[in-house]
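What the coordinates show
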There are 2 protein chains.
Amino acid sequence: MATIKDVAKLSGVSVATVSRVINKSPKASKASIESVTKAMRELGYRPNANARALVSQSTNTVGVVVGDVSDPFFGVMLKAVDKVARQHNKHMLIGNGFHEAKTEREAIELLINSRCESLIIHSKGLSNQELIDFADEVPGMVVINRYIPQIANRCIALDNHKGSYLATEYLIKHGHTRIGYISSTYDIEDTQQRRAGYIDALVANGIEVDENFIEYGTPDEEGGEKAMTNLLSKNLDMTAIATYNDYMAAGCLSIMDENGIASPQDVSVIGFDDGIIAKYLSPKLTTVRYPINIMAEQAAQLSVQLAKGEKSNEYPRMFVPTLVRRRSVLAK
Amino acid sequence: MATIKDVAKLSGVSVATVSRVINKSPKASKASIESVTKAMRELGYRPNANARALVSQSTNTVGVVVGDVSDPFFGVMLKAVDKVARQHNKHMLIGNGFHEAKTEREAIELLINSRCESLIIHSKGLSNQELIDFADEVPGMVVINRYIPQIANRCIALDNHKGSYLATEYLIKHGHTRIGYISSTYDIEDTQQRRAGYIDALVANGIEVDENFIEYGTPDEEGGEKAMTNLLSKNLDMTAIATYNDYMAAGCLSIMDENGIASPQDVSVIGFDDGIIAKYLSPKLTTVRYPINIMAEQAAQLSVQLAKGEKSNEYPRMFVPTLVRRRSVLAK
DNA sequence: CTGTTAGCGCATTCAC
DNA sequence: GTGAATGCGCTAACAG
């Protein structure tokens with residue numbers, strides 16, 4: 001592959017001049033611009049990004065760690081990051097964390113080794129302390145979807161508790177009192193917070209909390225099916241169900257369908273996330289919106305600023321979820 | 001940020017020795033391994049990937065260009081690529097092409113500049129020739145979801161025509177003869193091929209082809225809604241509809257629902273892709289499976305081999321779609 | 001406006 | 001087993 005030297009030789013100028021036209025330096029004569037451009041084309045020259053990064057101490061890269069690229073949730077997150085990266089003429093290096101400490105750590109270290117000046121980290125496996133250490137190491141690092149008090153100004157998170165509280169309250173306002181909850185088996189903050197939101201809403205409305213009304217499963221359709229099956233077998237006479245996320249709600253609906261239980265006529269269901277599938281379910285799912293796209297945008301914006309050494313305090317860093325009314329909830 | 005020199009100084013050895021322990025060279029005494037390791041830890045040393053890439057002429061990176069990361073279709077593609085990249089101890093650099101020539105070109109050039117030795121390109125905007133040129137430039141480049149005769153051994157594609165043919169034939173076998181088709185307005189190969197598959201299946205079965213039965217829209221839910229609305233307004237007495245993809249099928253179903261037309265009782269619908277939403281629709285969508293995950297895996301495998309200079313001919317490079325039977329098609 | 005030169009951080013010869 | 005020296009491809013003084 002041709003190097004800058006080859007171009008210099010062919011165009012009859014020095015490497016410095018070539019570098020100047022590559023970087024559109026104002027001090028470069030029309031003549032040299034022409035001859036260099038011609039030589040570059042002839043040689044199929046491609047400036048080596050690694051060499052540039054090495055000498056200019058900047059890679060123009062924002063690194064992102066997501067849970068799993070194949071999850072549409074992270075897909076929209078990545079797109080949002082890409083959008084602002086693009087605005088700043090940067091590109092994206094991506095790593096999958098798979099919600100596990102080891103993979104998350106490896107992914108982050110890889111991004112650091114690659115000298116990404118901006119980092120947007122979605123981590124559920126690493127401890128607060130480890131994340132804090134990484135944040136201390138990389139000024140441009142931002143944590144998304146998680147709140148860590150010691151580095152609060154580097155976190156963009158959602159108030160999970162409030163989301164679940166909202167959802168449950170919405171059901172209560174519609175006259176429901178026998179409300180089941182389908183929770184996740186993943187032991188992460190989100191799980192606890194959402195579950196607590198459900199419980200607190202019940203308590204606040206004078207409804208007795210009964211552990212029997214809570215079932216668990218993996219946070220996907222199968223998990224929702226399993227949890228709902230267990231719930232049904234207890235014959236609890238529920239009229240509504242709140243769920244950890246939309247996928248579990250989907251599983252829940254599917255089990256109901258198989259058992260001849262109509263939604264929302266017999267049982268109302270409410271999801272969480274407002275993911276891509278929510279509007280495709282039948283009935284269209286009433287759910288809690290997780291504004292991951294704008295959260296990711298702001299995270300990216302913030303991380304770029306931090307990387308530049310700028311401070312920024314203008315963003316709302318704790319986002320509040322809102323309710324998306326569709327058709328899966330009916331007044332009792 | 002600490003460099004290899006700092007580590008050398010602190011551990012009292014030369015940079016060469018430090019380099020040896022970093023790279024686990026067999027010729028490195030236990031003593032130096034220890035002192036160097038200790039120094040690295042103390043300094044929080046991170047080997048600079050750019051410098052390594054520069055000197056070792058290898059980045060260990062596979063670059064991927066997708067249409068849009070937020071589309072779940074590409075999400076599963078990326079995950080598959082990541083899986084084999086991981087197996088080979090490589091990581092992923094990702095670019096969005098957005099199906100446009102300019103963005104696709106920029107994305108590819110960025111990956112080349114970053115010296116990705118493997119490239120997996122999903123491009124619908126670039127011309128065959130331009131893609132061929134890129135392929136000539138980068139030995140480890142593979143084109144996915146597109147077939148270019150001149151570089152056939154570097155392409156992993158799906159037989160779109162056959163998929164659509166299969167779908168249409170399936171409807172015909174179920175007694176349908178008045179079959180509408182919802183096509184895409186995107187002027188790419190896939191559109192033409194799938195449309196042709198529909199037409200050829202009709203012809204092969206002695207059913208007259210009527211342009212009135214074909215409507216167009218953007219390849220998403222809205223497009224499907226629009227196309228179906230147009231189709232319905234023509235009062236064609238259709239009993240079945242084949243669609244360009246699952247999203248358009250979703251839009252189609254949604255319009256039917258609003259108009260009191262039941263599926264599959266009144267009108268059967270068949271999708272294409274077997275994307276994430278197919279099984280969430282109501283009725284669960286009968287569709288054509290696009291095995292993008294295994295295609296992407298093989299593309300990644302192939303590109304890694306090509307990058308190493310190995311030849312490989314063992315893969316089926318043209319994949320054939322299969323039918324996924326669910327509940328949206330009923331015999332007439 | 002242009003060329004010479006010195007590194008950026010690292011791996012790798014080649015002597016020792 | 002180790003260290004000194006060289007160069008990967010490029011940018012940025014600096015001197016002209």
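Residues numbered from 1 in each chain as written. Chains lettered and ligands numbered in written order. Predicted model: local features only at pLDDT ≥ 70, side-chain atom pairs only at ≥ 80, totals over all residues. Heavy atoms only, no water.

1. So, the protein's contact with DNA strand C
- Around DNA strand C, the surrounding shell holds 26 residues, and the nearest of these are Thr17, Arg20 and Ser29 of chain A together with Ile4 and Tyr45 of chain B.
- In DNA strand C, atoms within 4 Å of the protein come from the sugar-phosphate backbone in 67% of cases.
- Ser32 of chain A places a polar side-chain atom, nitrogen or oxygen, 2.9 Å from a phosphate oxygen of DNA strand C.
- At a separation of 2.9 Å, a phosphate oxygen of DNA strand C approaches a polar side-chain atom of Ser19 of chain B.
- Of all the secondary-structure elements, those providing two or more residues to the surface near DNA strand C are helix H2 (15-22) and helix H4 (49-56) of chain A together with helix H1 (4-11), helix H2 (15-22) and helix H4 (49-56) of chain B.
- When the residues that make up the surface near DNA strand C are grouped by side-chain class, the tally is 11 nonpolar, 9 polar and 6 charged. (Near = heavy atom within 4 Å. Polar contact = N/O pair within 3.5 Å; in protein donor to acceptor, adjacent residues only side chain to side chain. Helix = DSSP H or I, 4+ residues; strand = E, 2+ residues; numbered from the N terminus. Nonpolar A, V, L, I, M, F, W, Y, C, P; charged D, E, K, R; others polar.)

2. Quick look at the protein's contact with DNA strand D
- In the vicinity of DNA strand D, 26 residues are found, and the nearest of them are Ile4 and Tyr45 of chain A together with Thr17, Arg20 and Ser29 of chain B.
- Each atom of DNA strand D within 4 Å of the protein was assigned to sugar, phosphate or base; sugar and phosphate come to 66%.
- Note that a phosphate oxygen of DNA strand D is positioned 2.9 Å from one of the side-chain N or O atoms of Ser19 of chain A.
- In this structure, Gln57 of chain B approaches DNA strand D through a side-chain N or O atom, which is 3.3 Å from a sugar or linking oxygen.
- Considering only residue class, the surface near DNA strand D consists of 11 nonpolar, 9 polar and 6 charged.

3. So, the domain arrangement of chain A
- Along its sequence, chain A is organised into domain 1 (4-56), domain 2 (61-158 + 292-320) and domain 3 (160-290).
- Between the C-alpha centres of domain 1 of chain A and domain 3 of chain A there is a distance of 61 Å. (Domains from an automatic or database assignment.)

4. Brief notes about the UniProt feature "domain: HTH lacI-type" (unreviewed entry) in chain A
- Here, UniProt's "domain: HTH lacI-type" (unreviewed entry) annotation points to residues 2-56 of chain A.
- End C-alpha atoms of residues 2-56 of chain A are separated by 20 Å, and the span's content is 69% helix alongside 0% strand. (UniProt positions renumbered as here; feature names shortened; annotations may be inferred.)

5. Focus: the packing of H1 of chain B against H2 of chain B
All names here are of chain B.
- At a minimum axis separation of 8 Å, H1 and H2 run at an interaxial angle of 105°. Judged on the interaxial angle alone, H2 and H1 are roughly perpendicular. Contact residues: Ile4, Lys5, Val7, Ala8 and Ser11 in H1; Val15, Val18, Ser19 and Ile22 in H2.
- The residue makeup of the contact of H1 with H2, split by class, is 6 nonpolar, 2 polar and 1 charged. (Axes fitted to C-alpha atoms, helices over the stretch in contact; angles between N-to-C directions. Parallel < 35°, antiparallel > 145°, perpendicular 65-115°, else oblique. Contact = heavy atoms within 4.5 Å.)

6. Re the sheet that holds strand S7 (residues 214-217) of chain B
All names here are of chain B.
- Spatially, the 4 strands line up as an open sheet ordered S7-S6-S8-S9, and their pairing is parallel. Where the open sheet ends on each side, the last strands, each with one partner, are S7 and strand S9 (268-270). In this sheet, adjacent strand axes meet at a mean angle of 20° when their direction is disregarded.
- Of the pairings in the sheet, the one linking strand S8 (residues 240-243) to S9 comprises 3 bridges and is parallel in character. (Pairing = 2+ DSSP bridges.)

7. Section: the sheet that holds strand S6 (residues 179-184) of chain A
Residue and element names in this part refer to chain A.
- If you trace the 4 strands from one edge of the open sheet to the other, you get S7-S6-S8-S9, paired in parallel fashion. Both edges of this open sheet fall to strand S7 (214-217) and strand S9 (268-270), since each of them pairs with a single strand only. Neighbour-to-neighbour, the strand axes of this sheet turn through a mean angle of 20°, independent of strand direction.
- Together, S6 and S7 form the strand contacts of helix H9 (residues 189-204), whose direction differs from that of S6 by roughly 170°.

8. A look at the relation of the copies chain B and chain A
- The operation relating chain B to chain A is a screw motion whose rotation component is 180°, with 0.1 Å of axial translation and a residual RMSD of 0.1 Å. What we have between these two chains is a two-fold relation.
- Mapped onto chain A, 98% of the interface residues of chain B again fall at the interface, so both copies present the same surface. (Least-squares fit on C-alpha atoms with pLDDT ≥ 70 in both.)

9. Some points on the environment of Glu221 of chain A
- The residue Glu221 of chain A is located in helix H10 (residues 221-233) in this model.
- With relative accessibility at 7%, the residue Glu221 of chain A sits in the buried group.
- In sequence terms Glu221 of chain A and Glu109 of chain A are 112 residues apart; their C-alpha atoms lie 33 Å from each other.
- In this view, Glu221 of chain A contacts Tyr247, Ala250, Gly251 and Ser254 of chain A together with Lys279 and Tyr280 of chain B; residues no more than four positions away in its chain are not counted. (Buried < 20%, exposed > 50% of the residue type's maximum accessible area, 1.4 Å probe, protein only.)

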